[in-house]
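Chain by chain, the residues:
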Amino acid sequence: MPIEKTDAIILKSFKYGDTSKIARCYTRDFGKISIIGKGIRKGKALRSAYFDPLSYLSLLFYYNPKRELQIFSKAEFKGIWHSLRRDVKKLSYGFAVLELVDRSVTGEEPHEELYQLLLDILQYINDSNGRINKVFWFFEIHLLSLLGFRPRLSDCPHCHNELTEGQFSGEYGELLCNDCYDKNIKRSHFIVKDSAVSHRAIGLLKKLKRGNIKDLEEIKLQPGDRKQVGRFLNNYLKFHLEGIRDLKSLQVLEQIIS
Ligand SMILES: [Zn+2]
């Protein structure tokens, strides 16, 4: 079995048997893979720590594409996000990021841009002194785009008029202008609560969508933005990505920031 080397971020791990551990990781060159560390809980504590969520590693493993579980060989930490690990709020966002990637990405195809997004976001949350919610929104909207679900923010998908403000439609999975929403809602069984999105919130979403992570500092938030932008992205994620509906870390996050 060939030995392979790649950069990896641990998304989730659990104990296996008396001495082993299994981890799911997102890697730069192999996409999402699972690895088993046989006997890794026996020796030095440090070795077991490689398997903790949020570990950022240079990983060596025995690769067999026909197997679902790859075999851990060796690792080194590429960096440790100290601030992210110590701060409860940052940690909650960090876990929500990991859980979103874990639940929304399927298959082993590598996706360099997605790997880079994950890495950049965790680094940014670690370094951040400011509001993390806009970093998280940036992550959500770019994750959606990279997975092929780019929110349509310029025009109404029903009448094609320019969108100035709108409501999230549980039938279209997009924002509808208010006129179409009022007509549409009567024949739709999918009514989404708190679906209104203002002109200002649409502007913010557009900035987040086309922006670079380095531009986030320039985005200033006002009271009310969190509800509208946060709820829109929540609705959008739940509609388009399977398995997101009951995300535990998002529920924890909502409790912490509300
Ligand atoms: Zn319309």
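Numbering of residues starts from 1 in every chain and runs along the sequence as written. Confidence filtering applies because this is a predicted model: local features only for residues at pLDDT of at least 70, side-chain atom pairs given and counted only at 80 or more, and all residues used for totals across whole chains, interfaces and linings.

Counting from the N terminus, the helices are DSSP H or I runs at least four residues long and the strands are E runs at least two residues long. Broken down by element type, the chain carries 9 helices and 8 strands. Both definitions apply: the radius of gyration is a C-alpha atom measure, and the globule rule equals 2.2 Å times residues to the power 0.38. Against the compact-globule benchmark of 18 Å for 258 residues, the chain has a radius of gyration of 20 Å, which places it among compact chains. Principal axes of the C-alpha set define a box for the chain whose edges measure 65 × 40 × 30 Å. A residue is called partly exposed when the number of other C-beta atoms within 10 Å of its own lies between 12 and 20, exposed at 12 or fewer, and buried at 20 or more, with C-beta atoms placed from the backbone. Per-residue burial over the chain gives 36% buried out of 258 residues. Placing a C-beta atom from the backbone of each residue, one calls two residues in contact when those atoms lie within 7 Å. If you take every contact in the chain between residues at least 6 apart in sequence, the share linking residues at least 24 apart comes to 57%.

Let us look at the pairing of strand β4 (residues 56-62). Along β4, the buried face is formed by Leu 57, Leu 59 and Phe 61; none of Tyr 56, Ser 58, Leu 60 and Tyr 62, which line the opposite face, is buried. In this sheet, β4 lies alongside strand β1 (residues 3-16) in antiparallel orientation, the contact comprising 7 bridges. From the neighbouring strand, Ile 3 faces β4, where its bridge partner is Tyr 62. Pairing between strands is defined by DSSP: at least two bridges between the two strands are required. Sheet analysis places β4 next to strand β5 (residues 69-79), joined by 7 bridges and oriented antiparallel.

Here we take up the packing of helix α5 (residues 133-146) against helix α8 (residues 225-240). The axes used here are C-alpha line fits, helices contributing only the stretch in contact, and every angle between their N-to-C directions lies in the interval 0 to 180 degrees. Where α5 contacts α8, the two axes come as close as 11 Å, and the packing angle between them is 30°. For the element pair α5 / α8, the angle class is roughly parallel. Note that α5 runs across α8; the crossing there is left-handed. Here Asn 133, Trp 137, Glu 140, Ile 141 and Leu 144 of α5 lie close against α8, whose contacting residues are Arg 226, Val 229, Gly 230, Leu 233, Tyr 236, Leu 237 and His 240. Amino acids are sorted into nonpolar (Ala, Val, Leu, Ile, Met, Phe, Trp, Tyr, Cys and Pro), charged (Asp, Glu, Lys and Arg) and polar (every other residue, Gly among them). Counted by class, the contact of α5 with α8 contains 7 nonpolar, 3 polar and 2 charged residues. Angle categories are assigned with fixed cut-offs, so that under 35 degrees is roughly parallel, over 145 is roughly antiparallel, 65 to 115 is roughly perpendicular, and the rest are oblique. Handedness of a crossing follows from how the near helix is turned relative to the far one, being left-handed for an anticlockwise turn of less than a right angle and right-handed for a clockwise one.

Time to look at helix α4 (residues 112-127). Expected helix span is taken as 1.5 Å per residue step, with the number of steps being one fewer than the number of residues. The end-to-end C-alpha distance of α4, which contains 16 residues, comes to 22 Å, matching closely the 22 Å that a straight helix rising 1.5 Å per residue would cover. Taken together, the buried positions of α4 are occupied by Leu 114, Tyr 115, Leu 117, Leu 118, Ile 121, Leu 122 and Ile 125. Along the axis of α4, the buried residues cluster in a sector spanning 160°; they form a single face. The outward face of α4, more than 90 degrees from its buried face, is lined by the exposed residues Glu 112, Glu 113 and Asp 127. Looking at the buried side of α4, the elements it contacts are β1, β2 (20-27), α2 (82-86), α3 (88-104) and α5. Summarising the geometry, the arc corresponds to the directions from the helix axis toward the C-beta atoms.

Let's shift gears to the environment of Lys 21. Within the secondary structure, Lys 21 sits in strand β2. Its 22 C-beta neighbours within 10 Å are what place Lys 21 among the buried residues. Taking C-alpha positions, Lys 21 is 7.7 Å from Gly 39, a pair spaced 18 residues apart along the chain. Setting aside chain neighbours within four positions, we find Lys 21 in contact with Ser 13, Lys 15, Tyr 16, Gly 37, Ile 40, Arg 41, Ser 48 and Phe 51.

This part is about the pairing of strand β3 (residues 31-37). Note: β2 against β3, 7 bridges, orientation antiparallel. The residue bridging Thr 27 from the neighbouring strand is Gly 31, located in β3. Across 3 bridges, β3 lies against β5 in parallel orientation. Looking at β5, one finds that Ser 34 is bridged to Leu 69.

Below, the discussion takes up the domain arrangement of the chain. Boundary definitions for the domains trace back to an automatic or database domain assignment. Domain boundaries in the chain define domain 1 (1-80) and domain 2 (82-258). Once you take the C-alpha centre of each, domain 1 and domain 2 turn out to be 30 Å apart. In this complex, domain 1 contributes 14 residues to the contact, which on the side of domain 2 involves 18 residues. Those elements that place two or more of their residues in the side of domain 1 that touches domain 2 are β1, β2 and β3.

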